[in-house]
Amino acid sequence: MQNLQAKPISSSCESELFEFKKLSYSEMYDVLQSLRQHGVFCDIKLETDDGTIIFGHKVVLVSASPYFHAMFTNFAEKNKDLVGIKQIDSTILQLLIDFIYSGKIIVTKKNVQVLLSAANHLQLNDVSEACCEFLQKQLHSTNCLGIHAFADLHSCKKLLTCSELYIQQNFSEVVEGDEFLSLSYEQLVMLISSDELTVASEEKVFECVIRWIKHELDSRKCILPQLMEHVRLPLTSENYIFQKVIKEPLLDNNPKCKDYIMEALHFNFLKRNQSDQLITVPECIRIKPRRPAGLRNVVFVVGSKGAIGSTEWYDPKINRWQTGPEVMQHHNEGGLVLLKENFVFAVGGVNGISSLQSVDVLDLSSESPCWKSSVNMLVKRRCLGVCIMNNYLYAVGGFDGSSGLNSAEVFDYSTKEWSMVSSMSFRRSGVSVGVLENLLYAVGGYDEDEDEDLKSVECYHPSLDTWTPVAEMCEPRSGAGVGVLDGVLYAIGGHNGFVILKSVEAYSPSTGVWITIADMHFCRANAGVVVLDGLLYVIGGIIGVTCGSVEFYNLISNTWTLLEASINVPEYCVGAVAIVRPPNFITC
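Let me begin by describing the structure that accompanies this report. Quick caveat: nothing in here was measured; it's all calculated off a predicted structure.

Analysis parameters
- Residues numbered from 1 in each chain as written.
- Predicted model: local features only at pLDDT ≥ 70, side-chain atom pairs only at ≥ 80, totals over all residues.
- Heavy atoms only, no water.
- Helix = DSSP H or I, 4+ residues; strand = E, 2+ residues; numbered from the N terminus.
- Polar contact = N/O pair within 3.5 Å; in protein donor to acceptor, adjacent residues only side chain to side chain.
- Contact = heavy atoms within 4.5 Å.
- Salt bridge = Lys/Arg side-chain N within 4 Å of Asp/Glu carboxyl O.
- Buried < 20%, exposed > 50% of the residue type's maximum accessible area, 1.4 Å probe, protein only.
- Pairing = 2+ DSSP bridges.
- Axes fitted to C-alpha atoms, helices over the stretch in contact; angles between N-to-C directions.
- Patch = residues over 30% accessible without salt bridge, like charges linked within 9 Å, V, L, I, M, F, W, Y side chains within 5 Å.
- Areas by Shrake-Rupley, 256 points an atom, 1.4 Å probe, with all protein chains shown as cover.
- Arc of directions from axis to C-beta.

## What about the side chain of arginine 286?
Part 1: For arginine 286, the location among the structural elements is in the loop between α17 (255-273) and β4 (297-305).
Part 2: Only 3.2 Å separates the side chain of arginine 286 from the backbone oxygen of glutamate 229, close enough to count as a polar contact.
Part 3: Within the structure, arginine 286 has its side chain in polar contact with the side chain of glutamate 263 (distance 2.7 Å).
Part 4: Filtering out sequence-adjacent residues up to four positions away, arginine 286 remains in contact with Met228, Glu229, Val231, Arg232, Leu233, Pro234, Leu235, Tyr260 and Glu263.

Structure, rendered in structure tokens:
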């Protein structure tokens, strides 16, 4: 018989390598689970306080849990095949070991608290997060105080914040429950001193304090003055003070409480007799209206990726991005502004290769906010600058599909009409605009006539309908972000004709010059810029690839800080605005 030798198989393909990647490991884990259940190849037994023995494989436990990793590598247990697991119920431990082998676990109302505690102990973060998510969905006026305390005990930050928001937003219902009566003095003070309570009137706060005191009258009545310090009694009506507060026996013999009553009556007297003037009373927290938690400011962003439009909003309090109402169409290379606090306008942009005249608007005050078409601009514009000045919407410069633009137009929301204003001195495509002291600044851009990115800046005076030049920037910038913080105009990033920039410069009308400040962490062009809570946020932008990061500038320290929570920012950030979070924007 002829002796045949193996030979390489010839191939016409360029590559002789092929990588195979298995998409799922579920079958392998099924096998490991079966081996564990039958005690095959197991090298560890976990014993609970009630004597229950649970089999396992050290390598599997170590791979899933930092707790087991430390136990079997750094401590005496690494050489043992039987280890006691104290203070964890055997049923719960069995569920968690099953999760390690299967990736599945059932969370219920009955087991969620002990499961979360045990998962935290074993450092199984996925299970902890699942338990927190389950508890978030269970939040109710009858249990939110208990969930809040539980979250605080186990350092579940997200659940703690969400339960706190729920309590604030449902205060009137929460204080009617039995949980409320069991609050400690410190917990009650923290609740009623919050600026963010959603409460129809301050009368409810006063009444809940009296109810809490009377629940354990002998031990609590002595601390009534300390609680009344946080009741904003001046914000109740004069009639209520006479009919309810003065007649409350608990306040009758307390000099400090009587002082608070007199303060409230004095404030009401001034309000009644100086309705058209500034009410001058000593400044204190009790005359400051509360700002409900549901009405705090958030960052709202519109972006686009190809033909897909998206919106997201960021709540600094919970450090989380969430999805907003879907846009009607993408406004790639368009602009975004907020008019009259409730109307978000997405202006211009490009559809494929065609510049847009179209404008869409989102009414945040409606019960179900959704985007609708508004009045088209007079001119097609992409890479434009947009801003609001004196409640008018301005669209400035840009590119109409064939040439750069020096024209500008203004939208009057009351008449629903666009009209042209005076033209700028330069054609500015990729221009950015900002409003400072009721003047509109057009910053940089690209001038097609000169084929260059611009350092120049010009200022529009609406009362004169004229543009005047101001000091040039230190660096040419097109596609820069522009924001105004504490009376200073900032030009952020952009393109200088050669590279995308991470440098930032600032202009103050009092000095009339631009100065450089601290650089951002990343180079950015076409980023969204918004001011919120005294910080200057810069969102997304192009670095040659998509940049989903967000960073903010602190004026006091002259530093930029990256957010841990990155936005799912698309290729282009159309714009960003600071809005009061509408009730229909679901949080947590």
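## A few points about the pattern of salt bridges
Part 1: Here the structure, examined in full by the defined rule, presents 15 salt bridges.
Part 2: Between glutamate 248 and lysine 214 there is a salt bridge, with its nearest N and O atoms 3.6 Å apart. Here glutamate 248 is found in the loop between α15 (238-245) and α16 (249-252), whereas its partner lysine 214 is found in helix α12 (residues 202-215), with 34 residues between them in sequence.
Part 3: The class for glutamate 248 is buried, based on a relative accessible area of 11%.
Part 4: Across the pair arginine 381 and glutamate 409 runs a salt bridge, and its minimum N-O distance is 2.9 Å. Taken as a pair, arginine 381 in the loop between β12 (371-373) and β13 (385-389) and glutamate 409 in strand β15 (residues 408-412) lie far apart in primary sequence, 28 residues in all. Both residues of the pair, arginine 381 and glutamate 409, count as buried.

## As for the sheet that holds β12
Part 1: With antiparallel pairing, the four strands of this open sheet are ordered in space as β7-β8-β11-β12. In this open sheet, the two strands that pair with only one neighbour each are β7 (335-339) and β12. Neighbour to neighbour, the strand axes of the sheet diverge by 25° on average, direction disregarded.
Part 2: Both strand β11 (residues 359-363) and β12 contribute to a ladder of three bridges, which runs antiparallel. Considered in β12, the bridge of aspartate 360 is made with serine 373.

## Observations regarding the pairing of strand β17 (residues 432-436)
Part 1: Taken across its five residues, β17 has four buried, putting it largely inside the fold.
Part 2: Linking β17 to strand β18 (residues 439-443), which pair antiparallel, is a turn of two residues; within it glutamate 437 sits at a positive phi near 55°.

## Observations concerning the sheet that holds strand β1 (residues 44-47)
Working definition: the strands of a sheet are paired by backbone hydrogen bonds and lie parallel or antiparallel to each other.
Part 1: The strand order β2-β1-β3 describes an open sheet built from three strands, whose pairing is mixed. At either margin of the open sheet sits one strand with a lone partner, and together these are β2 (53-56) and β3 (82-84). For this sheet, the mean angle separating the axes of adjacent strands, direction not counted, is 25°.
Part 2: Across four bridges, the pairing between β1 and β2 is antiparallel. Opposite lysine 45, over in β2, you have phenylalanine 55 as the bridge partner.
Part 3: Against the sheet, helix α4 (residues 90-102) makes contact with β1 and β2, and its axis sits at roughly 10° relative to β2, the strand it touches most.

## Quick notes on a nonpolar patch on the surface
Part 1: Among the surface-exposed residues, Ile53, Phe55 and Leu82 lie close enough to one another that they form a single nonpolar patch of about 230 Å² accessible area.
Part 2: Examined against the element boundaries, isoleucine 53 turns out to sit in strand β2.

## Observations regarding unusual backbone geometry
Part 1: Residue glutamate 437 is not a glycine yet carries a positive backbone phi of 55°.
Part 2: On the secondary structure map, glutamate 437 appears in the loop between β17 and β18.

## A word on α15
Part 1: Among all positions of α15, only Tyr240, Ile241 and Val245 are buried. Buried residues of α15, seen end-on, are gathered within an arc of 100° and therefore sit on one face of the element.
Part 2: Packing partners of the buried residues in α15 comprise α12, α16 and α17.

## A short note on helix α7 (residues 144-153)
Part 1: Taken residue by residue, α7 has Cys144, Leu145, Ile147, His148, Phe150 and Ala151 as its buried positions.
Part 2: At the C-terminal side of α7, serine 155 shows a positive phi close to 55°.

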